Amino acid sequence: DAGVIQSPRHEVTEMGQEVTLRCKPISGHDYLFWYRQTMMRGLELLIYFNNNVPIDDSGMPEDRFSAKMPNASFSTLKIQPSEPRDSAVYFCASSLRGGAEKPQHFGDGTRLSIL
Amino acid sequence: GNSVTQMEGPVTLSEEAFLTINCTYTATGYPSLFWYVQYPGEGLQLLLKATKADDKGSNKGFEATYRKETTSFHLEKGSVQVSDSAVYFCALQTGANNLFFGTGTRLTVIP
């Protein structure tokens, strides 16, 4: 079975550039989550969707960050303009119907470096 | 609020040693508790879970018991292997879908 697929695996770009991270959830899963992992702050939930609708975006750090889910099989996380402090590993996860009985499945992450 | 506190790492053990990674939590309501494992270059994988007090989660020789009285969910394994080297995250989930993670504990097992 295909798991959560993220692309690219690595992204290096200069400050000020737009960055787009992509995620394909597991087929049939109706919840999608975006996390950020840094040494200083650990794993933080940025935003999550249910049936393609954003439910909680309180973790999105600022207006430079935006996330969309145009259909059930695709989501993007954009940073515009990017800054060095955005450097982190970004994970996408999906789950079926939500709740503890249906745990989240994580992708392998996108390692983002902003120079 | 909701938070998870894990023992600081890194932890280095010899193969076949006993492993304990401590985890305590603070939560509103009655959370579910999880241990996730992250191997190098990969995403997090669910290792085990417990959804109510006194439940024991187990998988691949790892165990953790949901202790409400001590608000703990310590991870144990009786005999670790080199292949268990990874970062382990304790997490809690409340009625919503938010997972709150601890800072992670890096385990290195040496032959």
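A word on the overall build of chain A
Next, step 1: Looking only at helices and strands, one finds zero helices and 11 strands in chain A.
Next, step 2: Across chain A, helices and strands are ordered from the amino to the carboxyl terminus as β-β-β-β-β-β-β-β-β-β-β.
Next, step 3: A compact globule built from 115 residues should have a C-alpha radius of gyration of about 13 Å, and chain A, at 13 Å, falls within 12% of that.
Next, step 4: Once the C-alpha set of chain A is aligned to its principal axes, its extents read approximately 40 × 30 × 30 Å.
Next, step 5: Within chain A, the fraction of its 115 residues that count as buried is 49%.
Next, step 6: In chain A, the share of contacts with a sequence separation of at least 24, taken over all contacts with a separation of at least 6, comes to 54%.
Next, step 7: Put simply, chain A shows about 5,900 Å² of open surface, and 49% of that area lies on carbon and sulfur atoms.

Observations concerning the sheet that holds strand 9 (residues 75–77) of chain B
Residues and elements named next belong to chain B.
Next, step 1: The four strands lie next to each other as 3-9-8-7, forming an open sheet whose pairing is antiparallel. A single partner strand is all that each edge strand has here, and the edge strands are strand 3 (19–21) and strand 7 (56–59). Each neighbouring strand pair of the sheet contributes to a mean axis angle of 15°, computed without reference to strand direction.
Next, step 2: Pairing of strand 3 with strand 9 involves three bridges; the strand directions are antiparallel. Across the sheet, Ile21 pairs through a bridge with Leu75, a residue of strand 9.

Details of the packing of aromatic side chains
Residue and element names in this part refer to chain B.
Next, step 1: For the structure on display, the rule yields 14 aromatic pairs over all chains.
Next, step 2: Between Phe89 and Phe101 the ring centres are 6.2 Å apart and the planes differ by 85°, which places this aromatic pair in the edge-to-face class. Highlighted residues: Phe89 in strand 10 (residues 86–93) and Phe101 in strand 11 (residues 99–101), separated in sequence by 12 residues. By the burial criterion, Phe89 is buried, and Phe101 matches it.

Considering the interface of chain B and chain A
Next, step 1: Counting residues at the interface gives 17 residues for chain B and 19 residues for chain A.
Next, step 2: When chain B packs against chain A, the two sides together hide about 1,500 Å² of surface, and 51% of this comes from carbon and sulfur.
Next, step 3: For the interface between chain B and chain A, the tally reads zero salt bridges.
Next, step 4: The tally of links between chain B and chain A comes to four residue pairs in polar contact (both at pLDDT 80 or more).
Next, step 5: Secondary structure elements with two or more residues in the side of chain B that touches chain A: strand 5 (32–38), strand 6 (44–50), strand 10 and strand 11 of chain B.

Considerations on the pattern of salt bridges
All names here are of chain A.
Next, step 1: Applying the stated criterion across every chain, the model contains 12 salt bridges over all chains.
Next, step 2: Note that Lys78 is salt-bridged to Glu18, the shortest N-O span being 3.9 Å. A residue pair is termed long-range when its members are at least 10 positions apart, and Lys78 in strand 8 (residues 74–79) and Glu18 in the loop between strand 2 (10–13) and strand 3 (19–24) qualify at 60 residues.
Next, step 3: By relative accessible area, which is 34% here, Lys78 ends up partly exposed.

Some words on the side chain of Gln6 of chain A
Residue and element names in this part refer to chain A.
Next, step 1: Here Gln6 shows up in strand 1 (residues 5–7).
Next, step 2: From its side chain, Gln6 meets the backbone oxygen of Tyr90 in a polar contact 2.9 Å long.
Next, step 3: A distance of 2.9 Å separates a polar atom in the side chain of Gln6 from the backbone nitrogen of Cys92.
Next, step 4: Leave out the neighbours within four places in its chain, and Gln6 touches Arg22, Trp34, Tyr90, Phe91, Cys92, Gly107, Asp108, Gly109 and Thr110.

So, how was this worked out
Residues numbered from 1 in each chain as written. Chains lettered and ligands numbered in written order. Predicted model: local features only at pLDDT ≥ 70, side-chain atom pairs only at ≥ 80, totals over all residues. Heavy atoms only, no water. Helix = DSSP H or I, 4+ residues; strand = E, 2+ residues; numbered from the N terminus. Rg over C-alpha atoms; globule rule 2.2 N^0.38 Å. Buried < 20%, exposed > 50% of the residue type's maximum accessible area, 1.4 Å probe, protein only. Contact = heavy atoms within 4.5 Å. Areas by Shrake-Rupley, 256 points an atom, 1.4 Å probe, with all protein chains shown as cover. Pairing = 2+ DSSP bridges. Axes fitted to C-alpha atoms, helices over the stretch in contact; angles between N-to-C directions. Phe/Tyr/Trp six-rings, centres within 6.5 Å; stacked < 30°, edge-to-face > 60°. Buried area = accessible area lost by both parts, 1.4 Å probe. Salt bridge = Lys/Arg side-chain N within 4 Å of Asp/Glu carboxyl O. Polar contact = N/O pair within 3.5 Å; in protein donor to acceptor, adjacent residues only side chain to side chain.

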